[in-house]
Amino acid sequence: NKASLYQAMVRDAVSTSTTKLDTIDVKASREIMELPGGMLGLAVGAEHRREKVDNPSLSGTQLGEINASYVAAKGDTSVSAVFVEVAAPIIKTVEVSAAARYDKYDAFSSTTPKLGVKWTPTNTFALRGTYSEGFRAPGPAESGAESQSTGTATARDPIRCPGGTPAPGASSNDCAASVAAVKIGDPNLKPETSKGYTVGMVWDPLPGLSTSLDTWKIKRENEINPMPYNEAAALPTAVRSDNNLIGANGQPIPNTGSLLISKAPYRNSSFTEVEGVDLDVRYRMNLSEYGRASVGMTWTHIMSWMRAESATTKYEYAGTHGNCDTSNCAGTPKNKASLSASWDLGSFGVSTNVNYRDSMKNVQFEGDLCASSFANGSPAPNAECKLASFTTVD
């Protein structure tokens, strides 16, 4: 009976995902003494939590018995933490803020501080700067021994297309192969750590007009990322077909068949370092009986987006179509801007937003070969291998 067989398959394919979080926390804050600039504020706190995730894949996806991707995550951890924060108006024009947090996990611990200083010499102008450190423990999808997710990706086969040129017996398809891309958990992952710096100013030159300009730099070390699929294709775990390349002796070269599955384990990459500038300008107008109006602009410029997989393997993504491993090829334009305008009158309001994204090179990282090509081998979508800028209006 086909109907009952189908119902049984659907019933067997159902899986139950469970998550559990137990947490307890306590916080306290108060002003403890008076400084020349105001009251010194202090806050302290502590927390303990237990996290557990069991997200099995659909039954039947392990061996491909049903047409669905295998996606599973499993793990649990206990975390204890304490923190302290201080807000200190040293004098009328100088305010210092500081914080520190200590986290204790099952396998590691971390202490992360933060320091901020703001100098306000006049009511309309201020300089500010911050230094902070960050910490992120690997999640169950990244560190679970039974965690795995599958999808599809385009990868340049380093065996059949070394240096971007098809090897004898291979084809251009091997230089942009569509493969089953598998991300695999690694129980030996270390936590990510980061350091961040900001320096900027706030200026209100006219009533209703406010501007801020900040430069920033963030460096994240021991970054948790799946190995790039083109690198994972060179691992012995990659699955290939049996159409092996033929060597100079006329014999097939083992493990050189067409790439079918690229298994990319999560790993602690060397570091990612991003530098940029943020500008924010806003103007608010009171139109009396005609209501209120405001206009604004935000602009972000990425000076550099460097990711180092090792001491010798580094990728610059600013202005390119990467990083495809973590952004699904959304790209990293050097400039992004947004213009906004709104008008309110009583209970009626109207607004619009104009969003701009800069042009990008159609490469996965700076210096790479063009990611797409026409049938005649020329770069796509144009001779410059460049993706045009675009603007959307909401």
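Small disclaimer: the values here were computed from a predicted structure and weren't measured.

Undergrad: Any chance you could explain the overall build of the protein here in plain terms?
TA: Check the secondary structure of the protein and you find 4 helices and 19 strands. In the protein, buried positions account for 29% of the 394 residues. For the protein, long-range pairs separated by at least 24 residues make up 61% of all intrachain contacts whose partners lie at least 6 apart in sequence. In the structure as shown, the protein presents an accessible area of about 23,100 Å², 56% of it carried by carbon and sulfur atoms.

Undergrad: How do you make sense of the state of the cysteines when you look at a structure like this?
TA: The final tally for this structure, using the stated rule, is 2 disulfides. Note on cysteine connectivity: C161 is disulfide-linked to C175, with sulfurs 2.0 Å apart. Judged by the sign of its S-S torsion, about 95 degrees, the cystine formed by C161 and C175 is right-handed. Placement of the pair is C161 in the loop between strand 7 (148-155) and strand 8 (177-184) and C175 in the loop between strand 7 and strand 8, with a sequence separation of 14 residues. The disulfide partner of C370 is C385, and the S-S distance across this bridge is 2.0 Å.

Undergrad: Could you clarify how one ought to interpret a nonpolar patch on the surface in this entry?
TA: A cluster of nonpolar residues, L287, Y290, W343, L345, F348 and V350, forms a patch on the protein surface that exposes about 560 Å² of accessible area. Assignment of secondary structure puts L287 in the loop between strand 12 (259-286) and strand 13 (292-308).

Undergrad: Help me out: how do you make sense of the side chain of R49 in this one?
TA: When you line up the elements, R49 lands in strand 2 (residues 38-55). For R49, the side chain forms a polar contact with the side chain of Y105, separated by 3.4 Å.

Undergrad: Would you explain the packing of aromatic side chains in this entry?
TA: For any two aromatic rings, the description comes down to two numbers: the centre-to-centre distance and the angle of the planes. Overall, the coordinates contain 7 aromatic pairs when judged by the stated rule. Consider the rings of W343 and F348, whose centres lie 6.1 Å apart with planes at 75 degrees: the pair is edge-to-face. F348 gets classed as partly exposed once you look at its relative accessible area, which sits at 47%. Over the ring of F271 we find K219, and its NZ or CZ is 4.6 Å from the ring centre.

Undergrad: When you look at the nonpolar core in this model, what are you seeing that I'm missing?
TA: Generally speaking, nonpolar side chains in soluble globular proteins are found buried as a group. The biggest cluster of nonpolar side chains holds 12 residues, and these are A153, A155, A177, V179, A181, M227, Y229, A232, A233, A238, L259 and A264. Residue assignment for this core shows that the elements contributing at least two residues are strand 7, strand 8, helix 3 (229-232) and strand 12. The element that contributes the greatest number of residues to this core is strand 8, accounting for 3 residues. Here A153 is in contact with A177, S178, V179, A181 and Y229, once residues within four sequence places are set aside.

Undergrad: Could you clarify how one ought to interpret the pairing of strand 5 (residues 109-122) in this entry?
TA: A regular strand places its side chains so that they alternate between the two faces of the sheet. Pairing of strand 4 (residues 94-104) with strand 5, which is carried by 11 bridges, proceeds in the antiparallel orientation. Bridged to V96 within strand 5 is V117. Linkage of strand 4 to strand 5, two consecutive antiparallel strands, is achieved through a turn of 4 residues. For strand 5 and strand 6 (residues 125-136), the ladder comprises 7 bridges, and the chain directions are antiparallel. By the bridge assignment, W119 is partnered in strand 6 with L127. Counting the residues in the hairpin turn of strand 5 and strand 6 gives 2 residues.

Undergrad: Where do I start with the confidence of the model for the protein in this structure?
TA: When pLDDT drops low, the exact placement of atoms in the prediction is not to be read closely. Residues of the protein with pLDDT of at least 70 account for 93%, and the chain-wide mean is 88. Every residue in residues 5-13 scores below 50 in pLDDT, and together they form 4 contacts with partners more than four places removed in sequence or on other chains.

Undergrad: Help me out: how do you make sense of the pattern of salt bridges in this one?
TA: One pass over the full model with this rule turns up 17 salt bridges. Note that D76 and R50 form a salt bridge whose closest N and O atoms lie 3.1 Å from each other. Here R50 lies in strand 2 and D76 lies in strand 3 (residues 71-91), a separation of 26 residues in the sequence. Residue classification places D76 among the partly exposed residues on the basis of a relative accessible area of 46%.

Undergrad: Would you mind showing me how to read the environment of F83 here?
TA: Examined against the element boundaries, F83 turns out to sit in strand 3. Residue class for F83 comes out buried when judged on its relative accessible area of 18%. Taking the C-alpha atoms as reference, F83 lies 24 Å from N222; in sequence the two are 139 residues apart. In this structure F83 touches K27, A43, V44, G45, A46, A100 and R101, once residues within four positions along its chain are discounted.

Quick notes on the rules
- Residues numbered from 1 in each chain as written.
- Predicted model: local features only at pLDDT ≥ 70, side-chain atom pairs only at ≥ 80, totals over all residues.
- Heavy atoms only, no water.
- Helix = DSSP H or I, 4+ residues; strand = E, 2+ residues; numbered from the N terminus.
- Buried < 20%, exposed > 50% of the residue type's maximum accessible area, 1.4 Å probe, protein only.
- Contact = heavy atoms within 4.5 Å.
- Areas by Shrake-Rupley, 256 points an atom, 1.4 Å probe, with all protein chains shown as cover.
- Disulfide = S-S within 2.5 Å.
- Patch = residues over 30% accessible without salt bridge, like charges linked within 9 Å, V, L, I, M, F, W, Y side chains within 5 Å.
- Salt bridge = Lys/Arg side-chain N within 4 Å of Asp/Glu carboxyl O.
- Polar contact = N/O pair within 3.5 Å; in protein donor to acceptor, adjacent residues only side chain to side chain.
- Phe/Tyr/Trp six-rings, centres within 6.5 Å; stacked < 30°, edge-to-face > 60°.
- Lys NZ or Arg CZ within 6 Å of the ring centre and 35° of its normal.
- Core = buried A, V, L, I, M, F, W, Y, C linked by side-chain atoms within 4.5 Å.
- Pairing = 2+ DSSP bridges.
- pLDDT = per-residue confidence, 0-100.

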